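Observations on the three-dimensional arrangement
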Amino acid sequence: MTAQPPSSPLPRVKAPEDLRSARWYGPADFRSFGHRSRTMQMGYSEEDWRGKPVIGILNTWSDINPCHQHFRQRVEDVKRGVLQAGGFPIELPAIALPENFMKPTTMLYRNLLAMEAEEQIRSLPVDGAVLMGGCDKTGPALLLGAISAGVPSIFFPAGPMLRGNWNGKVLGSGSDSFKYWEELRAGTITDVDWLGVEQGIARSHGTCMTMGTASTMTAIIEALGMSLPGASSIPAPDSNHPRMAAGCGRRIVDMVWEDLTPARVLTREACSNAVAVAMAMGCSTNALIHLLAIARRAGHAGFGLDDFERASREVPVIGNVRPSGTTYLMEDFFYAGGIRALMERIRGHLDTEALTVTGRTVGENIAGARVFNDDVIRPLENPIYKEGALAVLRGNLAPEGCVIKPSAMDPRFLKHAGPALVFDDYVTLKTAVDDEGLDVTADSVLVLRNAGPQGGPGMPEWGMLPMPKKLLKQGHRDMLRLSDARMSGTSYGACVLHVSPESYVGGPLALVRTGDVVEIDVPARSINLRVPEDELARRRAAWTPPPPRFGRGYGWMFSQHIRQAHEGCDFDFLKTEFGPAVGEPLIH
Ligand code: FES
């Protein structure tokens with residue numbers, strides 16, 4: 001199922017005296033005396049570090065992140081691999097970003113982890129890094145930090161949890177929570193049923209096992225060339241997983257000697273490969289934001305929404321994994337051959353010459369991969385969705401773009417026009433949708449604003465706006481919904497997301513009024529408000545900005561520097577320029 005990495009053909013270009021860590025441990029001076037004596041204080045001897053690459057293992061374990069529960073033990077497997085290959089492992093705890101627990105949203109803190117990762121690597125004697133992540137924001141955050149730190153790095157994915165189970169039914173993370181919550185609100189299941197779902201949906205450690213943001217991003221990072229081949233598909237409890245952990249530990253030591261940095265792997269072609277894989281997997285809409293940030297941080301300033309739009313028209317969805325797929329989950333995907341098999345199947349859409357952390361090309365890494373279940377990983381001629389997973393829309397409502405997931409919605413809303421029902425905040429919306437007297441029909445367009453990068457703040461995953469109870473009881477399960485928020489990758493429905501620029505900074509979404517007609521045409525990739533331009537100009541002149549969200553602290557800094565969704569929501573001051581290392585710490 002997973003390939004042992006083939007031996008690297010890259011030459012060793014570094015000598016022990018070239019290591020970053022030699023600056024800490026090598027000199028016969030007062031400061032280095034301190035570094036050596038304090039390492040000895042921890043029980044190590046000179047034999048442990050002399051002439052060896054120091055490998056920083058960034059571990060996002062915590063007691064409040066169930067997706068990374070196994071990292072506490074798994075890090076020992078990574079260390080085992082580092083030691084086998086002649087490195088010196090040091091574990092560096094990093095913020096865990098638990099998706100289900102952090103408020104208002106982990107997205108507020110993605111860039112904080114990115115900065116923490118970068119600064120830990122930069123400020124410590126780290127020659128190479130293993131990035132232990134998986135839960136939604138941790139993968140992109142660690143990678144962003146590693147890109148800017150510039151040392152050789154390899155991503156270690158947490159792996160998906162096992163399938164959920166309730167009364168003999170398979171349950172999928174997120175997707176079935178949303179589904180059965182709506183059934184409970186519609187009165188078609190009981191409180192006892194709901195408790196059964198609660199007890200059965202998360203059966204093991206590991207990340208969400210639908211094609212949510214975690215599985216999307218770990219697949220993308222592998223497609224970028226930053227993980228061992230096949231790593232991202234392995235379920236967390238499978239014994240392949242600790243073996244892969246040790247493999248990461250062994251490989252990163254050699255990567256240091258080869259000076260195989262992220263800059264050498266994350267080419268424009270690698271980013272295009274990641275987009276193609278994302279589309280074929282039926283990816284989470286969050287893929288756009290994170291991959292835009294990663295590509296731009298890697299120096300590809302021109303990488304944008306149009307790269308996704310192009311790929312979405314060319315690459316069919318062949319990964320039959322919920323919520324874009326109908327039946328299967330990540331465990332099934334692994335048994336069917338996993339990411340290598342999927343990449344082999346879309347080989348024609350990939351640049352197979354792209355270099356990866358194995359020191360070999362994408363083409364070499366996927367060679368010989370086979371599909372063992374054609375219903376889970378479909379042939380190109382029998383996709384589950386002919387066009388890609390996502391569509392980028394533009395128009396007078398979203399001049400800089402927005403996104404919808406046609407593969408996971410009722411197709412009747414692909415072309416639709418209906419009256420807007422507008423809410424300025426999520427709390428008011430949540431209360432209103434439970435009012436069975438709400439003036440809403442199945443043709444209405446639910447609109448939420450002030451939920452973007454600054455307005456949310458942090459662009460929370462509110463974009464799958466809850467269906468009005470009145471419509472649920474009438475048997476409706478989808479309607480057109482519109483916001484500047486994101487939505488969970490496990491969500492589904494006719495939800496237009498990431499409207500940019502956001503309403504909080506005066507984007508056109510701020511001008512919509514209840515009753516205005518919103519018109520969407522997904523095949524034509526358009527979204528418009530049927531309101532005359534002179535009327536919109538009047539509303540724009542009368543608009544006043546909402547009060548600031550933060551007066552101090554990290555939130556204040558976030559508000560000052562966060563970019564919009566179509567730019568990847570990175571901080572403006574974190575732009576990376578590859579080249580000679582800048583900002584290296586003065587250690588004396
Ligand atoms: Fe961690 Fe879904 S909550 S991956």
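What counts, and where the lines are drawn
Residue positions are given per chain, counting from 1 as you read along its sequence in written order. With pLDDT at 70 or above as the cut-off, local features in this predicted model cover only qualifying residues; side-chain atom pairs require 80 or more to be listed or tallied, and sums for whole chains, interfaces and linings still use all residues. Excluding hydrogens and water, the side-chain values take into account all heavy atoms of the structure. UniProt positions are given in the numbering used here, feature names are shortened, and annotations may be inferred rather than shown by experiment. Buried and open spaces are told apart on a 1 Å grid over the protein atoms alone, a cavity being a set of points where a 1.4 Å probe fits but cannot get out and a pocket being an open set with protein on both sides within 12 Å along at least five of seven lines. Residues with an atom within 4 Å of a point are the lining residues. Grid points are joined across faces, edges and corners, and a volume is the space filled by probe spheres set on the points. The helix and strand labels rest on DSSP assignments: H or I over at least four residues marks a helix, E over at least two residues marks a strand, and numbering proceeds from the N terminus. Residues are grouped as follows: Ala, Val, Leu, Ile, Met, Phe, Trp, Tyr, Cys and Pro are nonpolar; Asp, Glu, Lys and Arg are charged; every other residue, Gly included, is polar. Only strands joined by at least two bridges in the DSSP assignment are considered to pair. Axis definition: a line fitted to C-alpha atoms, limited for helices to the stretch in contact. Angles are taken between N-to-C directions and run from 0 to 180 degrees. Any two residues whose heavy atoms approach within 4.5 Å are treated as being in contact. Only protein chains enter the area calculation, which uses a 1.4 Å probe; residues under 20% of their type maximum are buried, those over 50% are exposed, and those in between are partly exposed. The definition of a right-handed crossover adopted here requires that, viewed with the strands pointing away, the path from the first strand over the helix to the second runs clockwise.

Taking an unreviewed UniProt entry as the reference, the protein chain is identified by name as Dihydroxy-acid dehydratase belonging to uncultured Acetobacteraceae bacterium. If you open the UniProt record of the protein chain and go to Sequence similarities (unreviewed entry), you find "Belongs to the IlvD/Edd family."

**Notes on the layout of surface pockets**
Empty pockets left among the atoms are what a rolling probe the size of a water molecule brings to light. If you add up the space inside the largest pocket, you get close to 1400 Å³. If you trace the largest pocket, you find 45 residues lining it, with Asn 100, Ser 177, Phe 178, Glu 461 and Ser 488 closest to the centre. Looking at the lining of the largest pocket, the elements that each hand over two or more residues are helix H7 (175–186), helix H9 (213–223) and helix H18 (426–432). In terms of residue count, H7 provides more of the lining of the largest pocket than any other element does, 5 residues in total. Here the lining of the largest pocket is built from residues that sort into 21 nonpolar, 15 polar and 9 charged.

**Considerations on the UniProt feature "domain: Dihydroxy-acid/6-phosphogluconate dehydratase N-terminal" (unreviewed entry) in the protein chain**
Under the local residue numbering, the UniProt record ascribes the feature "domain: Dihydroxy-acid/6-phosphogluconate dehydratase N-terminal" (unreviewed entry) to residues 52–365. As a span, residues 52–365 carries 48% helix and 9% strand, and end to end its C-alpha atoms are 28 Å apart.

**Describing the sheet that holds strand S2 (residues 88–93)**
Each strand in a sheet pairs with another by means of backbone hydrogen bonds, the pair being arranged parallel or else antiparallel. Ordered in space as S2-S1-S3-S4, the 4 strands form an open sheet in which the pairing is parallel. Bordering the open sheet on either side are S2 and strand S4 (153–157), each of which pairs with just one other strand. Neighbour to neighbour, the strand axes of the sheet diverge by 20° on average, direction disregarded. As paired strands, strand S1 (residues 54–59) and strand S3 (residues 128–133) are joined by 5 bridges and run parallel to one another. Residue pairing for S3: Ile 57 is matched across the bridge by Val 130. With respect to the sheet, helix H10 (residues 240–258) is in contact with S1, S3 and S4, its orientation differing from that of S4 by roughly 175°.

**Considerations on helix H16 (residues 338–345)**
Along H16, 6 of the 8 residues are buried, which leaves the element largely enclosed by surrounding structure. Where H16 is concerned, the buried positions are Gly 338, Ile 339, Arg 340, Ala 341, Leu 342 and Met 343. Against H9, helix H12 (268–281), helix H15 (330–335) and helix H17 (362–366) lie the buried residues of H16.

**Thoughts on unusual backbone geometry**
Trans peptide bonds make up the majority, and among non-glycine residues the majority have a negative phi. Residue Pro 457 is bonded to the preceding Gly 456 through a cis peptide linkage, with omega at -5°. Inspection of the secondary structure puts Pro 457 in the loop between strand S10 (445–448) and helix H19 (469–473). Omega for the bond connecting Ser 500 with Pro 501 falls within 30 degrees of zero, at 0°, which places this linkage in the cis form. With respect to the helices and strands, the residue Pro 501 is situated in the loop between strand S12 (495–496) and strand S13 (517–521). One non-glycine residue, Asn 167, adopts positive backbone phi at about 50°.

**Looking at the pairing of S2**
The pairing of S1 with S2 spans 6 bridges and is classified as parallel. Counted as the bridge partner of Ile 57 is Glu 91 from S2. As for the winding sense of the linkage, the β-α-β connection from S1 through helix H4 (residues 71–84) to S2 is right-handed.

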